[in-house]
Amino acid sequence: MDQGAGAGQQRARGRLGAPSSGTRAPGTPWARFSAWLECVCVVTFDLELGQALELVYPSDFQLTDKEKSSICYLSFPDSHSGCLGDTQFSFRIRQCGGQRRPGHVGEKCGDSWAPASLQREPAHFFGYVYFRQVKDSSMKRGYFQKSLVLLSRLPFVRLFQALLGLVAPEFFDKLAPCLEAVCNEIDQWPAPAPGQTLNLPIMGVVLQVHIPLRADTPEPGPPKQSSHETLLPAPVVLPSVHELDLFRCFRPVLAHVQLLWELMLLGEPLLVLAPSPAVSSEMVLALTSCLQPLKFCCDYRPYFTIHDSEFKEFTTRTQAPPNVVLGVTNPFFIKTLQHWPHILRVGEPKMSGDLPKQVKLKKPSRLKTLDTKPGLYTAYTAHLHRDKALLRRLLKGLQKKRPSDVQTAVLRRHLLELTQSFIVPLEHYMASLMPLQKGIVPWKTPPQIRPFRQDDFLHSLERAGPQLTCVLKGDWLGLYRRFFKSPHFDGWYRQRHREMTQKLEALHLEAICEAVRGGWGGGSWRGGHGQNWGDLGDRQPVVRTEHRDLDEGQVRGGGRGSDPETSGETGSGTGPPAAREGGNTDAGTAVHRHGHRLPAQGPAGRPVPSLGRCPWAVARVWPSCCPPPPSPTSSLLPATWHHCHPAVKVASGTAAWTLTVGGSCAHPTLGPTCPL
């Protein structure tokens, strides 16, 4: 298999160019393509080698041998599926060998605005497959078998399935030339910016998509077309870039949706055995989307085979089953994974007007290795009572022949409200751990976020629990206790703690700026030759604070030393502070930071902030009509400023001097001699 994949890769590279490594900068070829896709693969069946990687485009994208093998096996249905015609499905594999294409700054910024479930996967690849198997007497086996695979880090399953539906049929007729033209078109697409409606031209069709923002409220239905833009031909509007038809996926398990939601919330291992990769992948993706807007923090594989490199890791009996949702089609997994606590077996989908026969809850002891009937095999008892009103509403919709997208909206709204009712008490309690703003003062380290105490939270549920927003009854306390042990609680807590810490740092920086503004000129500072340092305005939060507790060795008077820790050197004595321009010899002891001095006390006895980066490090423009700004080592710096390395980058332009944070000193006279 690996030999076949390697041979196929060599053939592709010989035709499309030699591989090269490195980051694609925004101005280089394929930079826009890389914002959407990593590469496009073509997998074919070789009589001697089996599945083989025939082509990779662009050819400069490198895959490890393990990744090639996984892509080849996961791009074909196994022999138990018997898929004839065209089939679409998806898979997810772990990246091997570290990151090879670091994200651009724009990609990272875009991810921060996107919902957690739509952010790029840094350690996994998504594979979106269009597989064709048709009878062909010209082939030795009598069948034409080939797969077109889009490899991406974006979980935009709905978008990439629509893209494959347009591209793959044309590719199977025209092969490589068509693929190259399609990749060139994708390389002209705008970046996938959250909050924008994008028009994506491909093969004479325009796909119109909207990528939601994190702050967006879910609204079922297609995005509104831009009124100021008239497109010919009319665009194909996709209702969502990632949401599947949830009602169609859950039709055989509607009676147990709430139980499955609990299993997903608790991060329980779940094996999904389906008749085809399409059913398997859609069921797994639908299950992992149940927790939105909560991020799914466990591993999941929409389609998995016995040839996967992680097969032994997932099937070992020497340790507890991993927290993973596994979608398979081979009945062999029933025997291999019968020790797993939860197994869902679904049958062939039936698209009749009536509700299909619902799978039954069965004890794991009734699981048979051969001819296992559809059902949910688990010993788990749900903590919450079943919402019978939801099932009645969906059944009524079927009787009235309500469209599937409306049924999906009803089901998705129910799951969203259920998740929000569960999370809101956690959010309220977490917010109560935030220190009061009046306790944030510029001359002290910001107060710490108080620790999360589970018992205190559980006691708070009596007056502010989920019963305020949810009508469901049940053992909410028991559900929370199990949730505390799950990967989802750990992921949620780490994310919220990180956001609160950033908020504290921003508030502390604002307090520093206000203290400096109030003590030295009401928003304007001037250097020794009258240079205007300007005020910060709304750019204050741009600076990242750096909090350090000072010990006695860091608080000294005297001249300028080379390092805050240096002692016994010139300028690092402990005498009274020397006179300096813009300073105050009576201001008290000076704090040294990387050769720059900040008095510990300012005018009128007002303390001077001694922690964090100085606001002067925020980017600003220096008018060319004024004298050049002082260098970071100039004695003209006001004594109320200090800098942390790397602090200031001074660059001259055609009309202005620009000071920015970060990088080495670019001053035309200092250059590399700058000590910062």
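All figures in this text were calculated on a predicted structure; none of them were measured in a lab.

## A short note on helix α5 (residues 157-174)
Then step 1. In a regular helix each residue adds 1.5 Å, so 18 residues correspond to 26 Å; α5 covers 25 Å between its end C-alpha atoms and thus fits that length.
Then step 2. Within α5, burial applies to Val-157, Leu-159, Phe-160, Gln-161, Leu-163, Leu-164, Val-167, Ala-168, Phe-171 and Phe-172.
Then step 3. Leu-175 lies just past α5 and shows a positive phi near 60°.

## Topic: the confidence of the model for the protein chain
Then step 1. The predicted model of the protein chain has a mean per-residue pLDDT of 74, with 66% of residues at 70 or higher.
Then step 2. Taken together, the stretch residues 1-26 has pLDDT below 50 and engages in 60 contacts with residues farther than four places along the chain or on a different chain.

## Structural notes on the side chain of Ser-152
Then step 1. Structurally, Ser-152 can be placed in strand β5 (residues 143-152).
Then step 2. Ser-152 sits in the buried class, given a relative accessible area of 0%.
Then step 3. From its side chain, Ser-152 meets the backbone oxygen of Trp-36 in a polar contact 2.8 Å long.
Then step 4. When neighbours within four sequence positions are excluded, Ser-152 is seen to be in contact with Trp-36, Leu-37, Glu-38, Phe-125, Phe-126, Tyr-128 and Phe-160.

## A word on helix α9 (residues 277-288)
Then step 1. If you check α9, its first and last C-alpha atoms are 16 Å apart, about what twelve residues at 1.5 Å a residue would give, namely 16 Å.
Then step 2. Counting buried positions along α9 gives twelve out of twelve residues, so the element sits mostly inside the fold.
Then step 3. Looking only at α9, the buried set comprises Pro-277, Ala-278, Val-279, Ser-280, Ser-281, Glu-282, Met-283, Val-284, Leu-285, Ala-286, Leu-287 and Thr-288.

## Observations regarding empty space enclosed by the protein
Then step 1. Taken as a whole and assessed by the stated rule, the structure comprises three cavities of 30 Å³ or more.
Then step 2. The volume enclosed by the second largest cavity comes to roughly 50 Å³.
Then step 3. Of all the secondary structure elements, the ones that give two or more residues to the lining of the second largest cavity are β5, α5 and α6 (176-186).
Then step 4. Looking at which element gives the most residues to the lining of the second largest cavity, the answer is α6, with four residues.
Then step 5. A breakdown of the residues in the lining of the second largest cavity according to their chemical character gives ten nonpolar, no polar and no charged.

## A word on the packing of aromatic side chains
Then step 1. Tallied over the entire structure, the rule returns 33 aromatic pairs.
Then step 2. Ring centres of Tyr-128 and Phe-160 lie 5.0 Å apart, and the angle between their planes is 35°; on these two criteria the pair is classed as tilted. Taken together, the residues span a long stretch of sequence, with Tyr-128 in strand β4 (residues 124-135) and Phe-160 in helix α5 at a distance of 32 residues. Residue Tyr-128 shares its accessibility class with Phe-160, and that shared class is buried.
Then step 3. Ring plane angle 75° and centroid distance 5.2 Å describe the contact between Phe-457 and Tyr-480, whose orientation is recorded as edge-to-face. Of the two residues, Phe-457 sits in helix α14 (residues 454-464) while Tyr-480 sits in helix α15 (residues 476-483), which places them 23 residues apart along the sequence. Assigned by exposure class, Phe-457 and Tyr-480 land together as buried.
Then step 4. Lying across the ring of Tyr-300, Arg-92 places its NZ or CZ 4.2 Å from the centre.

## Description of the pattern of salt bridges
Then step 1. For the coordinates displayed, the defined rule picks out 19 salt bridges.
Then step 2. Notably, a salt bridge pairs Asp-86 with Arg-132, separated by 2.9 Å at the nearest N-O pair. Taken together, the residues span a long stretch of sequence, with Asp-86 in strand β3 (residues 85-94) and Arg-132 in strand β4 at a distance of 46 residues.
Then step 3. Across the salt bridge formed by Glu-121 and Arg-92, the nearest N and O atoms sit 3.3 Å from each other. Of the two residues, Glu-121 is situated in the loop between α4 (105-113) and β4 and Arg-92 in strand β3; the sequence distance between them amounts to 29 residues. We note that Glu-121, like Arg-92, is buried.
Then step 4. Taken together, the salt bridges that share partners define one network made up of Arg-92, Arg-94, Glu-121, Asp-299, Arg-301, Glu-310 and Glu-313.

Here is what the cut-offs are and how they apply
Residues numbered from 1 in each chain as written. Predicted model: local features only at pLDDT ≥ 70, side-chain atom pairs only at ≥ 80, totals over all residues. Heavy atoms only, no water. Helix = DSSP H or I, 4+ residues; strand = E, 2+ residues; numbered from the N terminus. Expected span 1.5 Å × (residues − 1). Buried < 20%, exposed > 50% of the residue type's maximum accessible area, 1.4 Å probe, protein only. pLDDT = per-residue confidence, 0-100. Contact = heavy atoms within 4.5 Å. Polar contact = N/O pair within 3.5 Å; in protein donor to acceptor, adjacent residues only side chain to side chain. 1 Å grid on protein atoms, 1.4 Å probe; cavity = no way out; pocket = protein on both sides within 12 Å on 5 of 7 lines; lining within 4 Å. Points joined across faces, edges and corners; volume = space filled by probe spheres on them. Nonpolar A, V, L, I, M, F, W, Y, C, P; charged D, E, K, R; others polar. Phe/Tyr/Trp six-rings, centres within 6.5 Å; stacked < 30°, edge-to-face > 60°. Lys NZ or Arg CZ within 6 Å of the ring centre and 35° of its normal. Salt bridge = Lys/Arg side-chain N within 4 Å of Asp/Glu carboxyl O.

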